[in-house]
Amino acid sequence: MSTPQRSLWEQLVTKNPMMAEVTRFRKRFLSFRGSSVAINGGIGIVLVCYALFAMACVYYRGDLDPLLLILFFLVLMIFGVPLLLHAVIAGERERRSWDMLLVAPITHSQIVIGKFMGAMAAVLMAFGLYMVPVMVDIIFSPNIKVLSIVYACIVVIMQASSLTALTLLISSRVRRPIIALGVSLAVVLLYYAFLPALVSSMANVTGNMLTGFVHPYNVLERIRMDGVEVTYRPEGYSLYDVNTLTIVATHVIYQLVITVTLLGWAIKTLVFADNEVKFIPKSKANARSKKSA
Amino acid sequence: MLEVKNLHKSYGGFTAVQGISFTLKPGDIFGFIGSNGAGKTTTIRMIATLLEPTAGTASLNGVDIIENPMQIRRMIGYMPDFFGLYDDVKVWEYLDFFASIYGVQKRDQVIDEVLELTDLTVKKFSYVQSLSRGMQQRLCLARCLVHDPKLLLLDEPASGLDPRARAELKELIAELGRMGKIVIVSSHILPELSDFCNCVGIIERGNLLAFGDVASVVRSIRPVKVIRLSCISDLHALEAGLKAYSSIQNFVGTNDQDATIEFSGTDEEQADLLKALVNQGHRIIGFNEDHADLEDVFLKLTTGAVN
């Protein structure tokens, strides 16, 4: 029995058996499943909110700023992704279904990439559904730039990928889902609230370049202000001196690097079956053997 | 054929498994017996490629577990002692997920076959979370079977099951053996193992103390037959009569009527002995061999010490 040689792309994406996760994630997050009151109740609440949002978009069509609506999805996503995905790996460990994946003929990379693609597919489907009523608003919006909408969607998708990779990494490094959720939310708050505040406080020194390229809010705001006469500009080299495409492209590269780094770290974290045998640290084992001697 | 060669596992200064070796052929059902912490699970996990051996190796049909773990994984089905199932999926979806991971062709047909084999066909469209513990155990076994493995590693498969579920599982494992699969079952329930295992191994502190078919392992601790004898005539006269037989190693009277003798002869010699005693006028009402079982073997060989 010989395994044919496959390229990295084939191994991880096109021929990755763990792509079955895409179907599982879709069924898990985007359909009413089983008898779980929490899951079905949660999906029900989301559906009601979605219906209200869709009605608002249709009623106020053309009056709402579509880029602000996309920015709102970003806010929902930074809390929604950790909430939905924190147990992707930690949950498998806790419920003891992890061994069954480890013993299958798949590599750690395939497991992590499969879970990442499944999670991303679910997030993208959610984004697609969110964009349906937003499109109604866009169609009726005067002077809207289609390119700005495309840029904004790219920023959201890239942010989704790094956020998903971050949640997967944390989920792979802890044993209990609740801890994974707490750590994920803490990191998200740190990255999206405290860190920008800290960097902004240094704007006198750095201008707004530092946060401008890396932070999705700034990038979205720059896309929104594209072509608009800005009355206030901070001193020094300003983000408004750089064209939008450069900012978006830099942001995409930045997010890709973050995503790949976090996924690589998550793959390295999946240690060789650790949940059964109690490992004794070398120092303790040596102390024990000295004592018995 | 599964060949386990001098398998070791150490963590720092602590040795969990100390040089285990055995060989199994297709159709063998191997009962792996040992106290908690004896090294059963560690050995099974090394064969399942979940733990890397410190030394030694194992091979299945010539494929080495260390050199080709991916190829080995396609040939084994592993059922852990504690396991969880995805609770948000239906039975067929759960099997379909793993069948696709194993690259199984004609998944629908295979799923129907394993569900029939594990007697879960009626639960095909039920949610996994709605199944009883016994059914979940069978579903986990069905998952192990979707890719038609050559070797099944079942770690405490009967734990937590009621007697009926245990009997059903036992029958299922026996059927898998008849299908030509090598099955390794670890269990504490020794009488059940001797019912369907054609070979057993006893492990303690990471050492394989005994290995072989059930009869030979039992013989290893009791090389002579122990016969319980009852008579309603004079027991002392019977004892005196038995001294003439060199195959009688020992005679212990337990009361006025009953005695235990250790006999080293064959079955034919045993029959001749009974005939001779009756012909001598002894009024024998009981003459039964006291068969040792796995529990006796286990208790005699092990001390109860754990790693």
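Residues numbered from 1 in each chain as written. Chains lettered and ligands numbered in written order. Predicted model: local features only at pLDDT ≥ 70, side-chain atom pairs only at ≥ 80, totals over all residues. Heavy atoms only, no water.

**A closer look at the packing of helix α8 (residues 146-173) of chain A against helix α12 (residues 216-224) of chain A**
Residue and element names in this part refer to chain A. For the record, the criterion: Geometry is summarised by axes, namely lines fitted to C-alpha atoms with helices restricted to the contacting stretch, and by angles between N-to-C directions that run from 0 to 180 degrees. The way it works is that DSSP assigns letters per residue, a run of H or I at least four long becomes a helix, a run of E at least two long becomes a strand, and they are numbered from the N terminus. Working definition: roughly parallel below 35 degrees, roughly antiparallel above 145 degrees, roughly perpendicular at 65 to 115 degrees, and oblique for all remaining angles. Contacts: residue pairs with any heavy atoms within 4.5 Å of one another. For this classification, Asp, Glu, Lys and Arg are treated as charged, while Ala, Val, Leu, Ile, Met, Phe, Trp, Tyr, Cys and Pro are nonpolar and the rest, including Gly, are polar.
Running from N to C, α8 and α12 cross one another at 175°; their axes reach a closest spacing of 10 Å. Looking at the two axes, α8 sits roughly antiparallel to α12. Contacts between α8 and α12 involve Ser148, Tyr151, Ala152, Val155 and Gln159 on the former and, on the latter, Pro216, Val219, Leu220 and Ile223. The class makeup of the residues in the contact of α8 with α12 is 7 nonpolar, 2 polar and no charged.

**Brief notes about the pairing of strand β13 (residues 258-263) of chain B**
All names here are of chain B. For the record, the criterion: Two strands form a pair only when DSSP identifies at least two bridges running between them.
Sheet topology places strand β11 (residues 225-231) next to β13; 6 bridges connect them, and they run antiparallel. Following the sheet pairing, Leu229 is matched in β13 by Ala259. The pairing of strand β12 (residues 248-253) with β13 spans 5 bridges and is classified as antiparallel. Directly across from Gly253, in β13, lies its bridge partner Ala259. In textbook terms, the turn of a hairpin is the stretch between consecutive antiparallel strands, and for β12 and β13 this stretch comprises 4 residues.

**Here we look at a nonpolar patch on the surface**
Residue and element names in this part refer to chain A. Going by this rule: What goes into a patch is any residue over 30% in relative accessible area without a salt bridge, connected to like charges within 9 Å or, for nonpolar side chains (Val, Leu, Ile, Met, Phe, Trp, Tyr), within 5 Å. Using the Shrake-Rupley algorithm and a 1.4 Å probe, accessible areas are obtained, with residue cover drawn only from the displayed protein chains. Whenever a carboxyl oxygen of Asp or Glu lies within 4 Å of a side-chain nitrogen of Lys or Arg, that contact is scored as a salt bridge.
Residues Phe72, Val75, Leu76, Phe79, Leu189, Leu190 and Phe194 make up a contiguous nonpolar surface patch of about 640 Å² in total accessible area. Among the elements of the structure, α4 (66-85) and α9 (177-201) are those that each provide at least two residues to the nonpolar patch. Per element, the largest residue contribution to the nonpolar patch is 4 residues, and it comes from α4.

**Thoughts on the sheet that holds strand β3 (residues 29-34) of chain B**
Whenever strands of a sheet pair, they do so through backbone hydrogen bonds, lying parallel or antiparallel. Residues and elements named next belong to chain B. Here 6 strands make up an open sheet; going across it, the order is β6-β7-β8-β3-β9-β10 and the pairing mixed. If you trace the sheet from one side to the other, it starts and ends with β6 (76-79) and β10 (207-212), each paired once. Here the strands of the sheet are splayed against their neighbours by 15° on average, with no regard to which way each runs. Packing against the sheet, helix α1 (residues 40-47) makes contact with β3, β6, β7 (151-155), β8 (182-186) and β9 (199-204), and its axis sits at approximately 150° to β7. Across the face of the sheet, helix α6 (residues 163-178) comes into contact with β3, β7 and β8 while running at roughly 150° to β8.

**Details of the sheet that holds strand β14 (residues 284-289) of chain B**
All names here are of chain B. The strand order β12-β13-β11-β14 describes an open sheet built from 4 strands, whose pairing is antiparallel. Here the strands that pair on one side only, and so sit at the sheet edges, are β12 and β14. Each strand axis lies, on average, 20° off the axis of its neighbour in the sheet, ignoring direction. Relative to β12, helix α9 (residues 235-242) is tilted by about 170°, and along the sheet it contacts β11, β12, β13 and β14. Contacts between helix α10 (residues 267-279) and the sheet are confined to β11, β12, β13 and β14, with β14 contributing the most and set at about 170° to the helix.

**Concerning the nonpolar core**
Counted only if it meets this: Only buried Ala, Val, Leu, Ile, Met, Phe, Trp, Tyr and Cys residues count toward a nonpolar core, and they belong to the same one when joined by side-chain atoms within 4.5 Å. Relative accessibility under 20% of the residue-type maximum defines a buried residue, over 50% an exposed one, and the middle range a partly exposed one, all with a 1.4 Å probe and only protein chains included.
Counting residues in hydrophobic clusters, the biggest one holds 159 residues, and the most contacted among them are Leu2(B), Tyr94(B), Leu95(B) and Ile184(B). Counting residues per element, this core draws most heavily on α8(A), which supplies 14 residues. Not counting the four nearest positions on each side in its chain, Ile184(B) is found in contact with Leu2(B), Phe22(B), Leu24(B), Phe30(B), Phe32(B), Ile44(B), Ile47(B), Leu151(B), Leu152(B), Leu153(B) and Leu154(B). Judged by nonpolar contacts, the second largest core, of 14 residues, contains Ile227(B), Ile248(B), Phe251(B) and Ile261(B).

**Focus: the side chain of Ser172(A)**
Structurally, Ser172(A) is set in helix α8. Excluding residues within four positions of it along the chain, Ser172(A) makes contact with Ile89(A), Arg93(A), Ala266(A), Thr269(A) and Leu270(A).

**Some details on the pattern of salt bridges**
Residues and elements named next belong to chain B. Under the counting rule described, the total for this entry stands at 16 salt bridges over all chains. We note a salt bridge from Glu156 to Lys40, for which the minimum N-O separation is 4.0 Å. Remark: Lys40 occurs in helix α1 and Glu156 occurs in the loop between β7 and α6; sequence separation between them is 116 residues. Each member of the pair, Glu156 as well as Lys40, carries the same accessibility label: buried.

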